[in-house]
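# Examining the three-dimensional arrangement
The lines below spell out each chain.
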Amino acid sequence: MMAICSILPDVLCSFPAVSDSYIRMARKTIDDGFRGLVRQYSHLIDAVVQPLQTFLNFLERLFVNSPWILVLAAMLAIVYLASRSRGITLGTAVGMVLIGVVGLWEDTMVTLAIVTVSTLIAIVIGLPIGIVMARSDRVQSAINPVLDVMQTLPSFVYLIPVVVIFGIGKVPGLIAVVIYAVPPMIRLTNLGIRLVDRDVLEAADAFGSSPGQKLWNVQMPLALPTIMAGINQTIMMSLAMVVVASMVGVGGLGKNTLQAINNQFFTFGFLNGFALVAIAIIFDRASQAFGKRLQKHTEVIHG
Amino acid sequence: MASHGIEIRGLYKIFGPNGKAHVEAVKSGVSKAELNERHAHVLGLKDINIAMPGGCITVVMGLSGSGKSTLIRHINRLIEPTTGEVIYDGKDICRMSPSDLREFRRHKTAMVFQKFALLPHRTVMENTVYGLDIQGVPRSESTRKGQQWIERVGLAGFEKHYPNQLSGGMQQRVGLARALTNDADILLMDEAYSALDPLIRVDMQTVLLELQAELKKTVVFITHDLDEALRLGDKIAILRDGEVIQQGSGQEIVLRPADDYIASFVKEVNRGRVIQVQTVMTPATGAPGGFSLPSGTTLETAAKQMTAAGVSVAQIVGRDGNPIGQLDLTTLISAMVTPVGHEETASIAAE
């Protein structure tokens, strides 16, 4: 290989990169500009972040400070009401008790709080964007590349701007989780609405539905199974991201895992990992069973 | 509420990004194939002029691709016309504003679809009152009306079922109940019965005819089945490649097909059920009296009654009860089995 370089001109052998000083200058300009911007608007950023902080703290305190038996009872009640399945409820009880026995109850509650908040925010943001996207091809083609970037950009990379803008702490972590978890919500809402049978939409038009009536009477109910799949995905992705977000100061199971990596605590790390898996399975099974129950009417009884 | 007729005048539909630009070309004789090849536009409808009388069933018949479904969608403007007018009660539907159009669809039209197009997440009752929901009628009132029509179409007891739990025929009854509950003057039926099997189809045709005898709505019925067209239609328009090639009563079409295309359809038709006695009768000879049949009786019914009564000649009487001609069994049977030649039909027409 070196031999080839002796015949070729130098330009073709080592890549002609822009000189280091240019890169350094660009980096400095952009970074300083960015920091300056953040400093200038710090009040605004704080004002936006404050309600999130309050909500997250409230939920976290509620989960952590309530007696465990109450939290467990509430959880089982919610799981049973959503799934109407004894198996899933029993599995939830076993999983949560095991988590408590190995001493991870409090950390699990912290994680549960942040996953709950980030899922709610992802739904509140994702649903309207998905609806708008489904109504216009132009909006769809504008948003799709953004979602592609959000989903393929390594999560460590967008922790950087989040930290620069919002600093270190729970809320920056929450924002990172939401950014990571919202794309499937948006995509599947859009897809669900676009997949609604055209014949049924035509019937809605023929009876004189306004666009709003069409959305709420026809499109949303028929897109619900797909939207539920989106919510399910969002929950799963939040659970995956809370571990990474522990790097910017999110507590709970993720923080333990990070410590375990740093200190080579093999058993402790895996226990935390399994606790996360247990929560993930509970959320997944409960939300899927709920989604299926909503679709009872599609069961074909008469052939 | 008196029914109003629908008048379609000079309607053109050219599918494609710039349909309007090609209307003149089509008017001056560019064919469908040529338009498609040279300009990548598809000719949907060409110069449609049909008067659909109020309170009657108008059937638009044609094979797939003839433009019949496109045509019916212009009446409630689910498809925008390229040029032309659709007049109902003095107003041009093609020129209505979006909100007027919505009101028109809510209160004046109801539609039944080939693939039923029921809402799968709503029960039979909730589907039936869908149109009233859209109008903002409170459920207490709409369920009362809905219940009445569910019973009328023979679905009592199924109110709480979901469409997926019903057979095709029953689903289309829900579609019909949904349209009727709207209490609209115009009933649009887009191949409403084409997806049903033959026995149920005849059954549903009977339901429609019975209801129509009472309701007297302006019905536009789309079908590809000539037998269905002849059974239901007070007036029939036959479409081919987006053009009306013949319109008139069923009898006119069977007796005087406008071209070979229609003639080939008509050949297979059960003529005894379509042709009426006054069309084939001979001038009255001999004294009045004996067995008599009212004009308007179909040949099949006439044959049945004459053989049952054991007579070979019947006297045909007009609406006022006076004899207008006579018919013997030989003429009757030959009219039922042999297609009437062109010269003969011409002579009948002349009379």
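Anything mentioned here points back to the structure above.
Description of the structure in this document. (Residues numbered from 1 in each chain as written. Chains lettered and ligands numbered in written order. Predicted model: local features only at pLDDT ≥ 70, side-chain atom pairs only at ≥ 80, totals over all residues. Heavy atoms only, no water.)

## Focus on the pairing of strand β8 (residues 218-223) of chain B
All names here are of chain B. Worth spelling out the cut-off: Only protein chains enter the accessibility calculation, which uses a 1.4 Å probe; a residue is then buried when its area is under 20% of its type maximum, exposed when over 50%, and partly exposed in between. In this description a helix means any DSSP run of H or I spanning at least four residues, a strand means any run of E spanning at least two, and both kinds are numbered starting from the N terminus. If DSSP finds at least two bridges between two strands, the strands pair. We call a crossover right-handed when, viewed with the strands running away from us, the connection from the first strand over the helix to the second turns clockwise.
Of all the six residues making up β8, six are buried; the element is thus mostly covered by neighbouring parts of the structure. Going residue by residue along β8, you find Thr218, Val220 and Ile222 tucked away on one face and Val219, Phe221 and Thr223 tucked away on the opposite face as well. Of the pairings in the sheet, the one linking strand β7 (residues 186-190) to β8 comprises five bridges and is parallel in character. In the strand pairing of β8, leucine 188 is matched with valine 220. On the question of chirality, the crossover connecting β7 to the parallel β8 by way of helix α9 (residues 198-215) is right-handed.

## Looking at the pairing of strand β12 (residues 313-317) of chain B
All names here are of chain B. The buried fraction of β12 amounts to four of the five residues, a majority that puts the element mostly inside the structure. The pairing of strand β11 (residues 292-294) with β12 spans three bridges and is parallel. Within β12, the residue paired with proline 294 across the bridge is valine 317. At this point the chain moves from β11, through helix α14 (residues 299-309), to the parallel β12, and the crossover so formed is right-handed.

## What about the interface of chain B and chain A?
Quick note on the threshold: Throughout, a contact is declared for two residues whenever any of their heavy atoms are within 4.5 Å. Using a 1.4 Å probe, buried area is obtained as the accessible area two parts lose upon being combined, added over both of them. We define a salt bridge as a contact between a side-chain nitrogen of Lys or Arg and a carboxyl oxygen of Asp or Glu at a distance within 4 Å. Distance and chemistry together define a polar contact, namely a pair of N or O atoms within 3.5 Å, with one atom able to donate a hydrogen and the other to accept it when in protein, and with adjacent residues in sequence counting only for side-chain atoms on both sides.
Listed by partner, the interface residues are 29 residues for chain B and 23 residues for chain A. Interface of chain B and chain A: buried area, both sides summed, is about 2200 Å²; carbon and sulfur atoms make up 60% of it. Considering only the side of chain B, the residues that lose the most area to chain A are His121(B), Tyr130(B) and Asn164(B), jointly responsible for 24% of the buried surface there. Where chain B touches chain A, the interface holds two salt bridges. Among the ionic pairs, Asp199(A) bridges to Lys115(B), the shortest N-O distance being 3.7 Å. Across the contact surface, chain B and chain A share seven residue pairs in polar contact (both at pLDDT 80 or more).

## Details of unusual backbone geometry
Although it is not a glycine, Asp47(B) sits at a positive phi angle of roughly 45°. One can find Asp47(B) in strand β2 (residues 42-52).

## Brief notes about the sheet that holds strand β5 (residues 91-92) of chain B
Here we have four strands laid out as an open sheet, ordered β2-β1-β4-β5 (chain B), and antiparallel in their pairing. Strands with a single pairing partner mark the edges of an open sheet, and in this sheet they are β2 and β5 of chain B.

## Brief notes about helix α12 (residues 211-245) of chain A
Basically, it comes down to this: Multiplying 1.5 Å by the residue count of a helix minus one yields the expected span of that helix. Axes are fitted to the seven residues ending at a residue and to the seven starting at it; the angle between these axes is taken as the bend at that residue.
Taking 1.5 Å per residue as the helical rise, α12(A) with its 35 residues ought to reach 51 Å, whereas the 40 Å between its terminal C-alpha atoms falls clearly short. Within α12(A), the axis deviates most sharply at Leu224(A), by approximately 55°, and proline Pro225(A) lies no more than four positions further along.

## Here's the deal with the nonpolar core
Grouped burial of nonpolar side chains is what soluble globular proteins tend to show. Here is the rule: Put simply, a nonpolar core is a bunch of buried Ala, Val, Leu, Ile, Met, Phe, Trp, Tyr and Cys residues held in one set by side-chain atoms that sit within 4.5 Å of each other.
Of all hydrophobic cores here, the largest spans 71 residues; its most connected members are Leu176(B), Leu187(B), Met189(B) and Tyr193(B). Not counting residues up to four positions away in its chain, the partners in contact with Leu176(B) are Val112(B), Val153(B), Met189(B), Tyr193(B), Met204(B), Val207(B) and Leu211(B). If you look at the next biggest cluster of nonpolar residues, it comprises 50 residues, including Leu104(A), Leu159(A), Val250(A) and Ile282(A).

## Remarks on the side chain of Lys235(B)
Residue and element names in this part refer to chain B. Applied cut-off: Neither His nor the chain termini are counted; the positive set is Lys and Arg, and the negative set is Asp and Glu.
Tracing the chain through its elements places lysine 235 in strand β9 (residues 235-240). Buried charge lysine 235 goes without a salt bridge, the closest partner of opposite sign being glutamate 7 at 8.4 Å. A polar contact of 3.4 Å, which involves the side chain of lysine 235, links it to the side chain of glutamine 247. Apart from the residues within four sequence positions on either side, lysine 235 is in contact with Ile50, Ala51, Pro53, Ile57, Thr58, Val59, Gln247 and Gly248.

## Side note on a nonpolar patch on the surface
Residue and element names in this part refer to chain A. Which entries qualify depends on this criterion: Each patch is built from salt-bridge-free residues with over 30% relative accessible area, joining like charges within 9 Å and nonpolar side chains (Val, Leu, Ile, Met, Phe, Trp, Tyr) within 5 Å. Where accessible areas are quoted, they stem from the Shrake-Rupley method and a 1.4 Å probe; at the residue level, only the protein chains shown are allowed to cover.
Taken together, the side chains of Phe34, Val149, Leu153, Val157, Ile160 and Val164 define a hydrophobic patch exposed on the protein surface, amounting to about 450 Å² of accessible area. Among the elements that line the nonpolar patch, the one with the most residues is helix α9 (residues 155-166), at three residues. Within the secondary structure layout, valine 149 lies in helix α8 (residues 137-152).

## A word on the side chain of Arg77(B)
Residues and elements named next belong to chain B. Mapped onto the elements, arginine 77 comes out in the loop between α3 (68-75) and β4 (83-88). What makes arginine 77 buried here is its relative accessible area of 11%. Engagement of the side chain of arginine 77 in a polar contact is seen with the backbone oxygen of methionine 96, the distance being 3.0 Å. Leaving out residues up to four positions away in the same chain, arginine 77 has contacts with Ile93, Cys94, Arg95, Met96, Leu101 and Arg105.

## Notes on the packing of aromatic side chains
Our working definition: A pair of aromatic rings is counted whenever rings of Phe, Tyr or Trp (Trp by its six-membered ring) have centres within 6.5 Å, and the orientation is called stacked for planes under 30 degrees apart, edge-to-face for over 60 and tilted otherwise.
Across all of its chains, the model carries eight aromatic pairs over all chains by this definition. With 6.2 Å between their ring centres and 75° between their planes, Trp68(A) and Trp105(A) make a pair best called edge-to-face. Of this pair, Trp68(A) sits in helix α5 (residues 68-83) while Trp105(A) sits in helix α7 (residues 105-135), and the two are 37 residues apart along the sequence. Trp68(A) sits in the partly exposed class, given a relative accessible area of 49%. On the basis of relative accessible area, Trp105(A) is assigned to the buried category, the value being 13%. Note on Tyr261(B) and Phe265(B): the rings are 5.3 Å apart at their centroids and 90° apart in plane angle, and the pair reads as edge-to-face. Taken together, the residues Tyr261(B) and Phe265(B), both in helix α12 (residues 260-266) and four residues apart, mark about one turn of the helix.

## Side note on the sheet that holds strand β3 (residues 57-61) of chain B
All names here are of chain B. Filter applied, for reference: Geometry is summarised by axes, namely lines fitted to C-alpha atoms with helices restricted to the contacting stretch, and by angles between N-to-C directions that run from 0 to 180 degrees.
One open sheet accounts for six strands, arranged β6-β7-β8-β3-β9-β10; its pairing is mixed. A strand with exactly one partner marks an edge of an open sheet, and here the two such strands are β6 (109-112) and β10 (243-248). When strand polarity is set aside, the average angle formed by the axes of neighbouring strands in this sheet is 15°. Pairing between β6 and β7: four bridges, direction parallel. Directly across from alanine 110, in β7, lies its bridge partner leucine 187. Those strands touched by α3 are β3, β6, β7, β8 and β9, and its axis lies near 155° from that of β7.

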